[in-house]
Amino acid sequence: MNILILGHKGYLGSFLYDNLKHYKNFNIYTETDKDIKYDYIINCASKTSLEYCEKYPDISYESNYKVLPKNHSKSLKAKIITFSSYYVYDDINICNENSKTTDKYFYNKHKMASELYATSHNGIAFRLGKLFGNVKNDQNKLTDHILKNNNIILDEVIFNPTSVQQVFDVVLYELLKNNLKGIYNLSNKGTCTHYEYGKELIKITGKKTRIEKIKKIDKSFDNYGRFAMDISKIDAIIKLRDWKEDLKIYA
């Protein structure tokens with residue numbers, strides 16, 4: 001099976017690449033080869049900061065949307081797996097795949113365009129929670145911020161912790177079974193607040209980090225805190241693990 005991974009140096013892409021390349025039936029490519037016809041294109045290319053994307057919309061358009069159809073056009077029979085995020089939601093309830101979304105920001109607009117491209121070509125779009133677990137790739141995500149600082153501020157906004165290992169397991173399932181299609185929320189089981197996540201991480205690692213709890217951190221995008229996801233759709237197909245179980249990687 002020929003698999004092209006876009007964004008293979010990123011937080012998620014590098015983890016998928018490092019783990020998939022050991023399967024003898026998978027031929028993993030990281031750059032488009034005009035002589036290769038791909039069976040899958042896994043799109044991990046992304047600019048994940050909403051603030052950055054608002055400042056540089058052209059870069060957001062290229063990274064969060066255009067890179068997918070540009071590469072897929074060279075291998076139109078390839079099935080697409082692309083990744084979006086819970087930041088596309090804007091709902092006061094726990095969000096399922098049909099909940100209210102927003103295209104107010106460039107990131108959201110471009111990510112949903114990528115979702116539409118993938119699903120209109122019988123592919124898959126996974127809306128991910130906040131990622132953790134790639135210990136080889138330091139991008140100063142929430143987990144890195146907690147572990148590297150002695151004093152931090154975390155809020156009570158609810159989110160979905162999502163390990164890269166859990167994402168890998170679902171991607172591997174699809175590569176072996178080829179039976180998923182459409183949009184799925186994807187994270188580990190269980191939601192928590194950023195503060196609760198920080199306390200659990202500190203308990204596991206034994207760090208002496210001091211955490212100040214506040215109600216809500218000010219953000220420049222107004223759907224912040226309106227994106228906690230219901231993952232029952234994918235969990236009915238592939239049994240997911242509790243986020244605390246996967247967090248033990250840092251122990």
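Up top is the structure.
Scope of this entry: the structure provided in the associated data block. Values in this document were obtained by computation on a predicted structure and should not be read as measured data. (Residues numbered from 1 in each chain as written. Predicted model: local features only at pLDDT ≥ 70, side-chain atom pairs only at ≥ 80, totals over all residues. Heavy atoms only, no water.)

## Describing the pattern of salt bridges
Defined as follows: Whenever a carboxyl oxygen of Asp or Glu lies within 4 Å of a side-chain nitrogen of Lys or Arg, that contact is scored as a salt bridge. Helix and strand definitions here come from DSSP, where helices need a minimum of 4 consecutive H or I residues and strands a minimum of 2 consecutive E residues; each element is numbered from the N-terminal end. Relative accessibility under 20% of the residue-type maximum defines a buried residue, over 50% an exposed one, and the middle range a partly exposed one, all with a 1.4 Å probe and only protein chains included.
With the rule as written, the count across this model stands at eleven salt bridges. Notably, a salt bridge pairs E115 with R127, separated by 2.7 Å at the nearest N-O pair. Note that E115 is positioned in helix 4 (residues 106-120) and R127 in strand 5 (residues 124-128), a separation of twelve residues in sequence. For E115, a relative accessible area of 3% puts it in the buried group. For the salt bridge of K213 with E156, the shortest nitrogen-to-oxygen distance reads 4.0 Å. In this pair, K213 sits in strand 12 (residues 210-214) while E156 sits in the loop between strand 7 (151-155) and strand 8 (158-159), placing the two residues 57 residues apart along the sequence. Of the residues examined, K213 reaches a relative accessible area of 45% and is grouped as partly exposed. We classify E156 as partly exposed; its relative accessible area is 33%. One continuous salt-bridge network, built from bridges that share partners, spans D169, R241 and D246.

## Describing the layout of surface pockets
To be explicit about the condition: Method remark: on a 1 Å grid restricted to protein atoms, a set of points is classed as a cavity if a 1.4 Å probe fits but cannot get out and as a pocket if it is open with protein on both sides within 12 Å along at least five of seven lines; lining residues have an atom within 4 Å of a point. Grid points are joined across faces, edges and corners, and a volume is the space filled by probe spheres set on the points. Gly is placed with the polar residues, together with every amino acid not listed as nonpolar (Ala, Val, Leu, Ile, Met, Phe, Trp, Tyr, Cys and Pro) or charged (Asp, Glu, Lys and Arg).
In this model, the largest pocket occupies a volume close to 1,300 Å³. Residue lining of the largest pocket: 42 residues in total, with T48, S49, Y87, Q139 and K141 positioned closest to the centre. Elements supplying a minimum of two residues to the lining of the largest pocket: helix 1 (11-20), helix 2 (50-55), helix 3 (57-72), strand 4 (79-85), helix 4, strand 6 (130-132), helix 5 (142-148) and strand 7. For the lining of the largest pocket, a count of residues per class yields 19 nonpolar, 14 polar and nine charged.

## Some thoughts on helix 4
Each α-helix turn comprises 3.6 residues. Residues three or four places apart therefore point the same way. Definition in use: For a helix, the expected span equals 1.5 Å multiplied by the residue count minus one.
Compared with the 21 Å implied by 1.5 Å per residue over 15 residues, the 21 Å span of helix 4 between its first and last C-alpha is a close match. After helix 4 finishes, the residue N122 shows a positive phi value of roughly 65 degrees.

## Considering the sheet that holds strand 1 (residues 2-6)
Cut-off, in case you're wondering: At least two DSSP bridges between two strands are required for those strands to pair. To obtain each axis, a line is fitted to C-alpha atoms, and for helices this fit is confined to the stretch in contact; angles are then taken between N-to-C directions over 0 to 180 degrees. Whether two residues are in contact is decided by their heavy atoms, any of which lying within 4.5 Å being enough.
Taking strand neighbours across the sheet as the criterion, the six strands line up as 2-1-3-4-5-10 in an open arrangement whose pairing is parallel. Pairing within the sheet leaves two strands with one partner each, and these edge strands are strand 2 (27-29) and strand 10 (182-186). Taken over all neighbouring pairs, the strand axes of this sheet differ in orientation by 20 degrees on average, direction set aside. Where strand 5 meets strand 10, five bridges bridge the pair, whose relative direction is parallel. Its bridge partner being in strand 10, F126 is matched across the sheet by Y184. Here helix 4 sits on the sheet in contact with strand 3 (40-43), strand 4, strand 5 and strand 10, set at roughly 155 degrees to strand 4. Helix-sheet contacts for helix 6 (residues 164-177) involve strand 1, strand 3, strand 4, strand 5 and strand 10, and the interaxial angle to strand 4 is about 160 degrees.

It is worth stressing that arrangement in space is one thing and function is another; only the former is reported here.
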